[in-house]
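A look at the structure
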Amino acid sequence: MKVRWHPAWIFGLLALLLRVAWIIYRWHSNGPALEYPDEQLHWDLARNLIEQGDLISTDGRLAARMPLYPLFLALFAASSDAGVLLARLAQACCGAATTIIAWHFMRSATNRRGANITAGLICFDPFGVFFTNLLLTEVLFTLLGVSLTACAWRLATSPGRPGWAPLGLAVLGPLCVLTRPSALLWIPALWVLLLFITADRRRTLGQLLIAPVMFVALMLPWGLRNQATLGNPAWLSTNGGVTLYDAQGPQADGNSDQSFLGDMPELEQLDEVTRDHTLRDLALEEMRRDPWRVAALAGRKFLRTWNLVPNVSEHSHGASAVASAVYTAAVLLGALIGLIRALAARVRPHQLMFWRLSPGTRSLHALLWLPVIYFALLHCIYIGSLRYRVPLMPFLAAAAATAILTPAPRRV
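**With respect to the overall build of the protein**
- A count of helical and extended segments in the protein gives 17 helices and zero strands.
- A globule of 412 residues ought to have a C-alpha radius of gyration of about 22 Å, and the protein, at 22 Å, matches this closely.
- For the protein, the spread of C-alpha atoms along the three principal axes comes to 70 × 50 × 40 Å.
- Evaluated residue by residue, the protein yields a buried proportion of 52% over its 412 residues.
- Of all intrachain contacts in the protein linking residues separated by at least 6 positions in sequence, the fraction that spans at least 24 positions is 76%.
- When the accessible surface of the protein is summed, it comes to about 18800 Å², and 65% of that surface belongs to carbon and sulfur atoms.
- Here the protein holds 35 positive side-chain charges and 25 negative ones, and the gap between their average locations is 23 Å.

Below, the structure is given as structure tokens:
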């Protein structure tokens, strides 16, 4: 008897194999070595949780990062160097899960062809593969963000039978923030957007009421823990001030370089909360002093975030640069064409039959472009880096899939 594999699982398996192959390749060359300071910090937080019973960095900071990703790594931290490999393999599974969820999301939003294109683009995303081997938040945050958007679409299009979507939306929102504090304003913006695109606003509003309640409930333990240990809830960690000063201080050039901390010995006597607030205030003062510089830096950061090739010199040429440029350009172009098609459906549709898409496509694009625009603008203020667009590429891949769809996606 011939077994027929579901397309979602085929793409998921391909994504898993690609990512595992890359992890094994890098393991043979580098072993458990961690390439970036943030990787080492995340791993130290996880190891210290296992060994000391608290999320504390090696330099004594208690809220250096949001807790969810270090908690994820703590599942593997007891295994020492082998735990690094296990964590990377777990991230490969997260990448495969993202592909599968994106397939089902786009199958419900468009059709099988749209789902296949989206899953294929996510599966072969060179940055999605590359970051699987790094102990950074990108892979986990991508999974959470795509899952959150899939729940939002289900709630908007099927308010009468949303299934687990309201609960998923309520839980995944705070989990995104507990992974990356930069997601804080995206979550309520998504709630508001749902009320504009839903087919039944009153019913959707009732189902959304659980979301802010769950948000507070899941964020509260982190705030209470910080209040007890630091004397301040530090809801978004104590890293925001350092990051803003890195992005807007007098030394800022669009890149991240925190060597300035070594030139500010006055910070050494401050506790981590006071240091965070001090650097934030200094950064805001610098921004108020020269708003034109803020605008100039914003342009540089935007270009760094959306550069077609990696900003790091070792990857900015050769095969990796070509793969990056081709993939990024294709997805961005496809996403823009898909957006134009969706918008064109509003303008004299009887004259634009080839371009005609249903109102549901405009709603879909609103959901897909919301995080892209939000994070693009946010990182024009904070540090601009290619890594911050990695979780956005699945949304652009989904938008690109609508560029070549023939049947009109379902109406909202």
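And the narrative resumes.
**Considerations on the packing of aromatic side chains**
- Per the counting criterion, the structure on display carries 12 aromatic pairs.
- With a centroid separation of 4.8 Å and an interplanar angle of 80 degrees, the aromatic rings of tyrosine 374 and phenylalanine 375 are classed as edge-to-face. Exposure class is identical for tyrosine 374 and phenylalanine 375. Each is buried.
- Among the aromatic residues, those joined into a cluster by ring pairs are Phe141, Trp186, Tyr374, Phe375 and Phe395.
- The side chain of arginine 201 reaches across the aromatic face of phenylalanine 196, ending 5.7 Å from its centre.
- Over the ring of phenylalanine 127 we find arginine 389, and its NZ or CZ is 5.1 Å from the ring centre.

**Observations regarding the side chain of asparagine 133**
- Relative to the elements of secondary structure, asparagine 133 occurs in the loop between α6 (126-131) and α7 (138-157).
- By relative accessible area, asparagine 133 is classed as buried at 4%.
- With residues near it in sequence (within four places) discarded, asparagine 133 still touches Trp22, Ile23, Arg26, Glu35, Glu39 and Arg88.

**Thoughts on the pattern of salt bridges**
- Going through the model one piece at a time under the given rule, you end up with 12 salt bridges.
- Between glutamate 35 and arginine 26 there is a salt bridge, with its nearest N and O atoms 3.0 Å apart.
- Aspartate 54 serves as the salt-bridge partner of arginine 225, at 2.8 Å between the closest nitrogen and oxygen. Taken together, the residues span a long stretch of sequence, with arginine 225 in helix α11 (residues 210-230) and aspartate 54 in the loop between α2 (37-52) and α3 (68-77) at a distance of 171 residues.
- With relative accessibility at 18%, the residue arginine 225 sits in the buried group.

**Things to note about the side chain of threonine 137**
- The residue threonine 137 is located in the loop between α6 and α7 in this model.
- Residues in contact with threonine 137, not counting those within four places in the same chain, are His42, Tyr69, Thr179, Arg180 and Arg387.

**As for the nonpolar core**
- With 89 residues, the main nonpolar core has Phe131, Leu169 and Trp186 as its most contacted residues.
- Ranked by residues supplied to this core, first place goes to α7 with 13 residues.
- Apart from the residues lying within four places of it in its own chain, the contact partners of tryptophan 186 are Phe141, Gly145, Leu148, Thr149, Cys176, Leu370, Pro371, Tyr374, Phe375 and Phe395.
- Counting residues in each nonpolar core, the second largest holds 10 residues, with Leu244, Phe260, Leu267 and Leu279 among its members.

**Some details on helix α5 (residues 112-123)**
- For α5, which comprises 12 residues, the first-to-last C-alpha distance of 16 Å matches the rise-based estimate of 16 Å (1.5 Å per residue) to within 8%.
- Where α5 is buried, its residues meet α1 (7-30), α4 (80-109), α6, α15 (318-344) and α17 (393-401).

**With respect to the environment of glycine 360**
- Counting through the fold element by element, glycine 360 comes out in helix α16 (residues 359-381).
- In this structure, the C-alpha to C-alpha distance between glycine 360 and glutamine 251, residues 109 residues apart in sequence, is 46 Å.

**Overview of the packing of α7 against helix α8 (residues 165-179)**
- Here α7 crosses α8 at 150 degrees, and the two axes come no closer than 9 Å. Regarding the angle of α7 to α8, the classification is roughly antiparallel. With respect to the hand of their crossing, α7 and α8 are arranged in left-handed fashion. Residues Leu140, Phe141, Leu144, Gly145, Ser147, Leu148, Cys151, Ala152, Arg154 and Leu155 of α7 touch α8, and the partners they reach there are Ala165, Pro166, Gly168, Leu169, Leu172, Gly173, Leu175, Cys176 and Thr179.
- Of the residues contributing to the contact of α7 with α8, the split by class is 13 nonpolar, five polar and one charged.

**With respect to the state of the cysteines**
- Taken as a whole and judged by the stated rule, the model has zero disulfides.
- Take cysteine 123: it sits in no disulfide, and the sulfur closest to it among the cysteines is that of cysteine 93, at 14 Å.

**Some thoughts on a nonpolar patch on the surface**
- On the surface, Trp5, Trp9, Ile10, Leu13, Leu14, Leu17, Leu18 and Phe124 cluster together into a nonpolar patch covering about 800 Å² of accessible area.
- Among the secondary structure elements, leucine 13 is positioned in helix α1.

**Considering unusual backbone geometry**
- A positive phi angle, near 55 degrees, is found at serine 80, a position not held by glycine.
- Residue serine 80 is classed as partly exposed on the basis of its relative accessible area of 34%.
- A positive phi angle, close to 75 degrees, is found at serine 237, a residue other than glycine.
- In this structure, serine 237 sits in the loop between α11 and α12 (240-248).
- Take serine 237: its relative accessible area is 9%, and that puts it in the buried class.

**Details of the environment of glycine 241**
- Turning to its location among the elements, glycine 241 is positioned in helix α12.
- Judged by its relative accessible area of 2%, glycine 241 falls in the buried class.
- For the pair glycine 241 and leucine 184, spaced 57 residues apart in sequence, the C-alpha separation works out to 16 Å.
- With residues near it in sequence (within four places) discarded, glycine 241 still touches Asp276, Leu279 and Arg280.

The rules behind the values
- Residues numbered from 1 in each chain as written.
- Predicted model: local features only at pLDDT ≥ 70, side-chain atom pairs only at ≥ 80, totals over all residues.
- Heavy atoms only, no water.
- Helix = DSSP H or I, 4+ residues; strand = E, 2+ residues; numbered from the N terminus.
- Rg over C-alpha atoms; globule rule 2.2 N^0.38 Å.
- Buried < 20%, exposed > 50% of the residue type's maximum accessible area, 1.4 Å probe, protein only.
- Contact = heavy atoms within 4.5 Å.
- Areas by Shrake-Rupley, 256 points an atom, 1.4 Å probe, with all protein chains shown as cover.
- Lys, Arg positive; Asp, Glu negative; His and termini not counted.
- Charge placed at Lys NZ, Arg CZ, Asp CG, Glu CD.
- Phe/Tyr/Trp six-rings, centres within 6.5 Å; stacked < 30°, edge-to-face > 60°.
- Lys NZ or Arg CZ within 6 Å of the ring centre and 35° of its normal.
- Salt bridge = Lys/Arg side-chain N within 4 Å of Asp/Glu carboxyl O.
- Core = buried A, V, L, I, M, F, W, Y, C linked by side-chain atoms within 4.5 Å.
- Expected span 1.5 Å × (residues − 1).
- Axes fitted to C-alpha atoms, helices over the stretch in contact; angles between N-to-C directions.
- Parallel < 35°, antiparallel > 145°, perpendicular 65-115°, else oblique.
- Left-handed = near helix turned anticlockwise from the far one by under 90°.
- Nonpolar A, V, L, I, M, F, W, Y, C, P; charged D, E, K, R; others polar.
- Disulfide = S-S within 2.5 Å.
- Patch = residues over 30% accessible without salt bridge, like charges linked within 9 Å, V, L, I, M, F, W, Y side chains within 5 Å.

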